[in-house]
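A structural walkthrough
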Amino acid sequence: MRYAPPGLCVNDFALLRDDDGTYTVLHLQGPWTSEFDHLRMETSYGRATSTDLVAWRPEGTAFGNGLPGRFDQQAVWTMHPVRQGAGSAMFYTGVSGLTDGGWPLQSVGLAYSDRTDGTGWRRHGTGPVAEADDRWYRTGERMGWRDPFVVRDDESDGWVMVVCAADASLPVEASGCVGWATSDDLEHWTVHPPLISPGDVDELECPVLERLDDESWLLIGSLGATRGFEAWTAPRLRGPWTRRGPLGPTGSYAPRVITAPDGSRVVLHTTPRRVDLKDAGDRCRGMLAQPKSLVIREGSAPRLEWWPGLDTWLLEETTDPALHAVGDIAVSGRVEVTLRTGDDGPALVVGCDGKNLWITGPAGAPLGETVLTEPATTLRVLTIGEYVEVYADGVFVLTALCYAGRPARWTTVTEGHTRTVPVRPVRLPDPGRDDASAVWPGPTTS
């Protein structure tokens, strides 16, 4: 249901779909640590395959750092492969070293493969193909030129690349922008002024471009300050771009869009974990979460909803305790749902009073909260081990992590009345695995 490689954590990733329907994920991978090290943490890409975007099979390392003296000698970060002829072209972030102030020096490189399964990469030359232009972008301390995403241009036969960049005309803390460049051949790029520069974002990471059914465009970008992601739309690639607000809540990051086996458009994203798998542990790089349906209706902002493809992983309804389960709750007035208990009472609770939605841990410690745009009438709660996510009237709105407590019958309290909530346990793809990819097993029920 979620994925990380054995012994490591997942960060940004890319998705491919081969002609036979097999999905491949290429992802940054690094050790479990609370302190991120720019030069040692992410020096290779892991690879995994799936037929359904839920059960992932580890396939080992697919790409790594360049040789000493090259632009990617210290780290390789976020990548984006695209079909090119009978094979693939992959744009990726290379880090050559650090500035005097300790900031990573970033640029974008290119690799080719004769295959379409995410393997067999060979670098194009020894230098980058696209770098930040100091006329518009920061190029030294606090620079950004990473997370490339490449699509066909809608105004020529060429290509457009968007990147996470830093607007040189704005203060550092508000300089996060989407930089862009164009090319006729994938190897020679012309850099242009920022495509989107909100003026209130510190970092606008992992930009994703998706062409919609009506030929308009959707851009999704991750915001460093909120640790969630937002959406923009435009009639053409060159704009004008309209900000449509949050799409993924805090805790969901680095989204990618792909066509699911059922033909629908879905979004996958990462979710963090905590060091030592304890509530007291610092947040660290995490895992790949299960897909959500990307829903775009005319006149409405894009949103993420429950993906029906997950239903095949749900077992028959029960009122027995379940560590991994989905439950649906009607909201009428204030309601609190207890998912797990401890020695001193509830250990994991989801609450809603209409527009206010929250998750608490032991002794009522706040784990997450949000204010809904409209009062909710129903909640769907999914918990897989320590991970909790909540859908309000079908829309993905909140996530949290909780390592405390033991499985219990789900119960709701509304206006002093308590009732048991039927749940559908989640069938895990690899329940017997005992490594960093395994879902936290939880405490014993005894």
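Conventions and cut-offs
Residues numbered from 1 in each chain as written. Predicted model: local features only at pLDDT ≥ 70, side-chain atom pairs only at ≥ 80, totals over all residues. Heavy atoms only, no water. Phe/Tyr/Trp six-rings, centres within 6.5 Å; stacked < 30°, edge-to-face > 60°. Helix = DSSP H or I, 4+ residues; strand = E, 2+ residues; numbered from the N terminus. Buried < 20%, exposed > 50% of the residue type's maximum accessible area, 1.4 Å probe, protein only. Lys NZ or Arg CZ within 6 Å of the ring centre and 35° of its normal. Pairing = 2+ DSSP bridges. Contact = heavy atoms within 4.5 Å. Axes fitted to C-alpha atoms, helices over the stretch in contact; angles between N-to-C directions.

Brief notes about the packing of aromatic side chains
Counted by the stated rule, this structure contains seven aromatic pairs. Between Phe91 and Trp189 the ring centres are 5.6 Å apart and the planes differ by 90°, which places this aromatic pair in the edge-to-face class. With Phe91 in strand 6 (residues 87-98) and Trp189 in strand 12 (residues 189-196), the pair connects residues that are 98 residues apart, well separated along the chain. By the burial criterion, Phe91 is buried, and Trp189 matches it. Taken together, the ring pairs connect Tyr45, Phe63, Phe71 and Tyr92 into an aromatic cluster. Against the face of Trp306 rests Arg380, its NZ or CZ located 4.7 Å from the ring centre. The ring of Trp313 is capped by Arg427, whose NZ or CZ atom sits 4.3 Å from the centre of that ring.

A word on the pairing of strand 4 (residues 57-64)
For a regular strand, side-chain orientation follows a simple rule: the groups alternate between the two sheet faces. The pairing of strand 3 (residues 44-50) with strand 4 spans five bridges and is antiparallel. Of the residues in strand 4, the one forming a bridge with Thr49 is Arg57. Connecting strand 3 to the next strand, strand 4, in antiparallel fashion are six residues, including Leu53 with a positive phi near 70°.

Some remarks on the environment of Ser34
With respect to the secondary-structure elements, Ser34 resides in the loop between strand 2 (23-30) and strand 3. Its relative accessible area of 42% is what places Ser34 among the partly exposed residues. Expressed as a C-alpha distance, the spacing of Ser34 and Val275, which sit 241 residues apart in the sequence, is 6.5 Å.

What about the side chain of Thr78?
Along the chain, Thr78 falls in strand 5 (residues 75-84). Filtering out sequence-adjacent residues up to four positions away, Thr78 remains in contact with Asp12, Leu28, Tyr45, Phe91, Tyr92, Thr93, Asp147, Pro148 and Arg256.

Some thoughts on the environment of Ser50
Mapped onto the elements, Ser50 comes out in strand 3. What makes Ser50 buried here is its relative accessible area of 4%. Counting along the chain gives 25 residues from Ser50 to Val25, while the straight-line C-alpha distance between them is 8.3 Å. Excluding residues within four positions of it along the chain, Ser50 makes contact with Gly21, Thr22, Tyr23, Ala55 and Trp56.

Some points on the sheet that holds strand 26 (residues 366-371)
Taken in spatial order, the six strands of this open sheet run 26-25-24-23-30-31, and their pairing is antiparallel. Pairing within the sheet leaves two strands with one partner each, and these edge strands are strand 26 and strand 31 (417-420). Across this sheet, the average inter-strand angle for adjacent strands is 20°, counted without regard to direction. Two strands pair when backbone bridges link them, and strand 25 (residues 356-360) and strand 26 are joined in this way by five bridges, in the antiparallel orientation. Paired with Ile359 across the bridge in strand 26 is Gly368.

A look at the pairing of strand 23 (residues 335-342)
Where strand 23 lies against strand 24 (residues 345-352), seven bridges are found, and the strand directions are antiparallel. Looking at the pairing, Val335 lines up with Cys352 of strand 24. Counting the residues between successive antiparallel strands, the hairpin from strand 23 to strand 24 contains two residues. As paired strands, strand 23 and strand 30 (residues 406-414) are joined by six bridges and run antiparallel to one another. In the sheet register, Arg340 faces strand 30, and the bridge partner there is Pro407.

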